[in-house]
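Residue-level structural notes
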Amino acid sequence: MSNELLNSVDNSTPESVVKTTNLSGNGEYVIICEHASNHIPSEYNNLGLSDSDINQHIAWDPGALAVAQHLSKQLDAPLVEQCVSRLVYDCNRPPEALNAMPFQSEIFEIPGNANLSQEERDKRINGVYKPFKDAVSKCLDQKTADGHKPVIITVHSFTPIYKGQERDVEIGFLHDKDSRFADQLIKSFAAQTSDYALRLNEPYAPVDGVTHTLTEHALPRGLMNVMLEIRNDLISDQKTQKQMASLLNKAIKEAKEALDNQQIQTASTTKQTSLGN
């Protein structure tokens, strides 16, 4: 995998808003990267921002796509990625959320998102969110058609400092109402290394409105899931991106195996109890 691919910040054309790769992958996972790109189609005139602004975290999650691409390859899993900046539309937010098209992100005002009419919002909902949602649904329909239940893994990155405050968490394992996979994954990751500060539902939590993809696609299908948040200075180049993906790959597989074994043991115990009665 080339360095250009891993570090691409403009991996789309103005016409493409979502990209799915390795759809036929045989792994028991689906990888999703909503904030993969900082690409803003020309019709939006950079939303009134400078090129420097668009390279900031406000427009995308630096390093997240590279980690997601490695995981897709290592886990032989489909990858669905958003190909336009979250400032145009954040596909990890529902249409009714004001910050789906934020007029302010962190300390930055977004002039092109100020005072949007409902017609303008609907254009982005129909042009960005719905195609992304449909692509994820199509991927999951294909993966579950034969009765399999893949784990949904979304990949994000966050800044070391937020609004002037230094963050002490380095990798967050986020969940909504279904915490099964996040709970096991943080244990599996911690068993490999003590080099990172790990947290559940940090630096964000469901109350922050960040779990839309999980609640929209995983919970209704009963699929185990986790949202990964990796501090972006830990995945700032090809070497660290690959290292992080390798650690996650091993932990993900071990977490899945542990949970599968628990399910088998529970089913066996239930059967024995039933026979005993």
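Every value quoted in this text rests on a predicted model; they were computed, and no experiment measured them.

Let's talk about the sheet that holds strand β2 (residues 29-33)
- Strand order in this open sheet of seven strands is β1-β3-β2-β6-β11-β9-β10, and the pairing throughout is mixed. Strands at the two margins of the open sheet, each flanked by one partner only, are β1 (18-21) and β10 (198-200). Geometrically, the sheet is characterised by an average inter-axis angle of 20 degrees between neighbouring strands, direction not taken into account.
- Here β2 runs beside strand β3 (residues 79-82); their pairing, made up of three bridges, is parallel. When the bridges of β3 are listed, I32 appears paired with V80.
- In the packing of helix α4 (residues 118-144) onto the sheet, the strands contacted are β1, β2, β3 and β6 (151-158), and the crossing angle to β3 comes to about 175 degrees.
- Across the sheet, helix α5 (residues 180-192) is in contact with β6, β9 (171-174), β10 and β11 (225-231); its angle to β10 comes to roughly 170 degrees.

Observations concerning the packing of aromatic side chains
- All told, the structure shown has three aromatic pairs when counted by the stated rule.
- The interplanar angle of 40 degrees and the centroid separation of 5.3 Å between the aromatic rings of Y89 and Y129 together place this pair among those described as tilted. Residue Y89 is located in the loop between β3 and β4 (104-105), and its partner Y129 is located in helix α4; the two are separated by 40 residues in the primary sequence. Y129 shares its class with Y89; the two are buried.
- Measuring from centroid to centroid gives 5.9 Å for F189 and Y196, while their planes differ by 65 degrees, and the two rings are edge-to-face.
- Accessibility expressed as a relative area gives 24% for Y196, which makes it partly exposed.
- One aromatic cluster is present, built from ring pairs that chain together F173, F189 and Y196.

Conventions used here
- Each residue is numbered by its place in its chain's sequence as written, counting from 1.
- Residues qualify for local features only when their pLDDT is at least 70, as the model is predicted, and side-chain atom pairs are given and counted only at 80 or more; totals for whole chains, interfaces and linings, by contrast, use all residues.
- The basis for every side-chain value is the complete set of non-hydrogen atoms in the structure, without hydrogens or water.
- Between any two strands, pairing holds if DSSP finds at least two bridges.
- Helix and strand definitions follow DSSP, with helices as H or I runs of at least four residues and strands as E runs of at least two, each counted in order from the N terminus.
- To obtain an axis, a line is fitted to C-alpha atoms, over the contacting stretch when the element is a helix, and the angle between two such axes runs from 0 to 180 degrees between their N-to-C directions.
- Whether two residues touch is decided by their heavy atoms; if any such pair falls within 4.5 Å, the residues are in contact.
- Note on aromatic contacts: the rings of Phe and Tyr and the six-membered ring of Trp form a pair at centre separations within 6.5 Å, being stacked when their planes are under 30 degrees apart, edge-to-face when over 60 apart, and tilted otherwise.
- The rule is simple: take the accessible area with a 1.4 Å probe, protein chains only, and divide by the maximum for that residue type; under 20% is buried, over 50% is exposed, in between is partly exposed.

Without other data, these values stay purely geometric and don't point to any function.
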